[in-house]
Amino acid sequence: MAKSIKKDAEWAEAKMKCRLNEETLKMAKEMGLNPRSLIKNIPSKSEQWKAPVSVWIREMYEKRQENAFRKKARKRENHTYVSNPLGGVRNVKKSIVPYAGDGEK
């Protein structure tokens, strides 16, 4: 119980210091980020190249979503669905044929 109260306080502090809204905070929690890591990534005045934490979270979230989508697409591509004569559909993995090459050296 005490841990959850402490964690909630850390998230509230990160929300305030990093100027995050509820949506960005939800994204950070979904990705498993730590509130202390968000606070550590606040850019200082000498780090003009660094994006604000909210932008950093959004970019990272979008990138992870794209990668997950590609992974699912690849998985779907490697499987084919065969209809069963008795009814229903089953998932069969496509066989991978190794490349033999020309055979000449």
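Structure's up top.
Reading the values: the criteria
Residues numbered from 1 in each chain as written. Predicted model: local features only at pLDDT ≥ 70, side-chain atom pairs only at ≥ 80, totals over all residues. Heavy atoms only, no water. Core = buried A, V, L, I, M, F, W, Y, C linked by side-chain atoms within 4.5 Å. Buried < 20%, exposed > 50% of the residue type's maximum accessible area, 1.4 Å probe, protein only. Helix = DSSP H or I, 4+ residues; strand = E, 2+ residues; numbered from the N terminus. Contact = heavy atoms within 4.5 Å. Arc of directions from axis to C-beta.

(A) Spotlight on the nonpolar core. Leu-20, Ala-28, Met-31, Leu-33, Leu-38, Val-53 and Ile-57 are the most contacted members of the largest nonpolar core, which has 14 residues in total. At the level of elements, helix H1 (2-17), helix H2 (22-31) and helix H4 (53-77) are the ones that each hand at least two residues to this core. Setting aside residues no more than four positions away along its own chain, Val-53 makes contact with Cys-18, Leu-20, Leu-38, Asn-41 and Ile-42.

(B) A look at H2. Considered for burial, the residues of H2 that qualify are Thr-24, Leu-25, Met-27, Ala-28 and Met-31. One face of H2 carries all of its buried residues, which in axial projection span an arc of 155°. What points out from H2, more than 90 degrees from its buried face, is the exposed set Glu-22 and Lys-26. As for H2, its buried residues are in contact with H1, helix H3 (35-40) and H4. The positive-phi residue at the C-terminal boundary of H2 is Gly-32, with phi of around 85°.

Function cannot be inferred from these measures alone, as they are strictly geometric.
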